[in-house]
Amino acid sequence: DNAMRPNANITASETLVLLSRFYKPSDAETALIQSDYQAIVLSSVPASYSWAHKNIAVCLAAGIITESELKSMNLGTEMNKEQLSFYLVRALQLAAEAQALSGAALAFTDAQAISEKHRGSVAKLVGIKIVGGDDTGRFMPQSPVTRAIAATMVSRALDYLDKDNKTLVVEA
């Protein structure tokens, strides 16, 4: 129905589609990506998500998600804040930098609730001002992400890319 529904929670499939749009492959690159990843997508993603197949292939090619992560992911599940942070860092091609921050101390009052796997990603996004705490200093890593929060994070990520004059490309 094309309604925005800013307070609706974003699902894993919607997250992957959104993050894939950080990339603008040419028609030839898109054809190669589809050729390389179509079998994985068709075997891992239910037909009910056919609308997302091409975007998920881009996510695989860009390293936003791995094949094993895709196979174990329920695409209809709501995305939580630490998961979105993790995949957004990968989309921005900052995973190595995030990994180096995995032991970073975070100032959030609920920092202990951020999983070890996602800690470096959250720290990286805090450092580049894409995420922050709420009015009480909480990050709320397990909270579902609304479309409004996702839009804010994406907008800030695009500003970060623009400020650094960085263009994301899928490596061959």
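As a starting point, this report considers the structure included with it. In this text, all values refer to a predicted model and were calculated from it rather than measured experimentally. (Residues numbered from 1 in each chain as written. Predicted model: local features only at pLDDT ≥ 70, side-chain atom pairs only at ≥ 80, totals over all residues. Heavy atoms only, no water.)

### Points about the layout of surface pockets
For step 1, the next point in the chain: Estimates place the volume of the largest pocket at around 250 Å³.
For step 2, the next point in the chain: As for the largest pocket, its lining consists of M4, I10, E14, V17, L18, R21, W51, R147, A150 and A151.
For step 3, the next point in the chain: Among the elements of the structure, helix 1 (12-20) and helix 8 (147-163) are those that each provide at least two residues to the lining of the largest pocket.
For step 4, the next point in the chain: Tallied by class, the residues present in the lining of the largest pocket amount to seven nonpolar, no polar and three charged. (1 Å grid on protein atoms, 1.4 Å probe; cavity = no way out; pocket = protein on both sides within 12 Å on 5 of 7 lines; lining within 4 Å. Points joined across faces, edges and corners; volume = space filled by probe spheres on them. Helix = DSSP H or I, 4+ residues; strand = E, 2+ residues; numbered from the N terminus. Nonpolar A, V, L, I, M, F, W, Y, C, P; charged D, E, K, R; others polar.)

### Observations concerning the nonpolar core
For step 1, the next point in the chain: If you look at the biggest cluster of nonpolar residues, it comprises 54 residues, and the most contacted ones within it are F22, L92 and I130.
For step 2, the next point in the chain: Sorting the residues of this core by element identifies helix 1, helix 2 (27-44), helix 3 (53-62), helix 5 (81-91), helix 7 (116-127) and helix 8 as the ones contributing at least two each.
For step 3, the next point in the chain: No other element matches helix 3, which puts seven residues into this core.
For step 4, the next point in the chain: When residues no more than four places from it in sequence are discounted, the contact partners of L92 are F22, L125, I128, I130, A157, L161, K166 and L168. (Core = buried A, V, L, I, M, F, W, Y, C linked by side-chain atoms within 4.5 Å. Buried < 20%, exposed > 50% of the residue type's maximum accessible area, 1.4 Å probe, protein only. Contact = heavy atoms within 4.5 Å.)

### Looking at the packing of helix 1 against helix 3
For step 1, the next point in the chain: Closest axis-to-axis distance for the helix 1/helix 3 pair is 8 Å, and the angle between their directions is 65°. Between helix 1 and helix 3, the angle is such that the two are roughly perpendicular. The crossing of helix 1 and helix 3 is left-handed. In this structure, helix 1 uses L16, V17 and S20 to contact helix 3, whose residues at the interface are N55, I56, V58 and C59.
For step 2, the next point in the chain: Here the residues of the contact of helix 1 with helix 3 are counted per class, giving five nonpolar, two polar and no charged. (Axes fitted to C-alpha atoms, helices over the stretch in contact; angles between N-to-C directions. Parallel < 35°, antiparallel > 145°, perpendicular 65-115°, else oblique. Left-handed = near helix turned anticlockwise from the far one by under 90°.)

### Comments concerning the pattern of salt bridges
For step 1, the next point in the chain: Evaluation of the coordinates by the stated rule reveals six salt bridges.
For step 2, the next point in the chain: R147 is the partner of E14 in a salt bridge, and the nearest nitrogen-oxygen pair spans 2.9 Å. Taken together, the residues span a long stretch of sequence, with E14 in helix 1 and R147 in helix 8 at a distance of 133 residues.
For step 3, the next point in the chain: Under the relative-accessibility criterion, E14 is labelled partly exposed at 24%.
For step 4, the next point in the chain: We note a salt bridge from E97 to K124, for which the minimum N-O separation is 2.6 Å. Of the two residues, E97 sits in helix 6 (residues 95-100) while K124 sits in helix 7, which places them 27 residues apart along the sequence. (Salt bridge = Lys/Arg side-chain N within 4 Å of Asp/Glu carboxyl O.)

Read these as layout, nothing more, since geometry by itself doesn't imply function.
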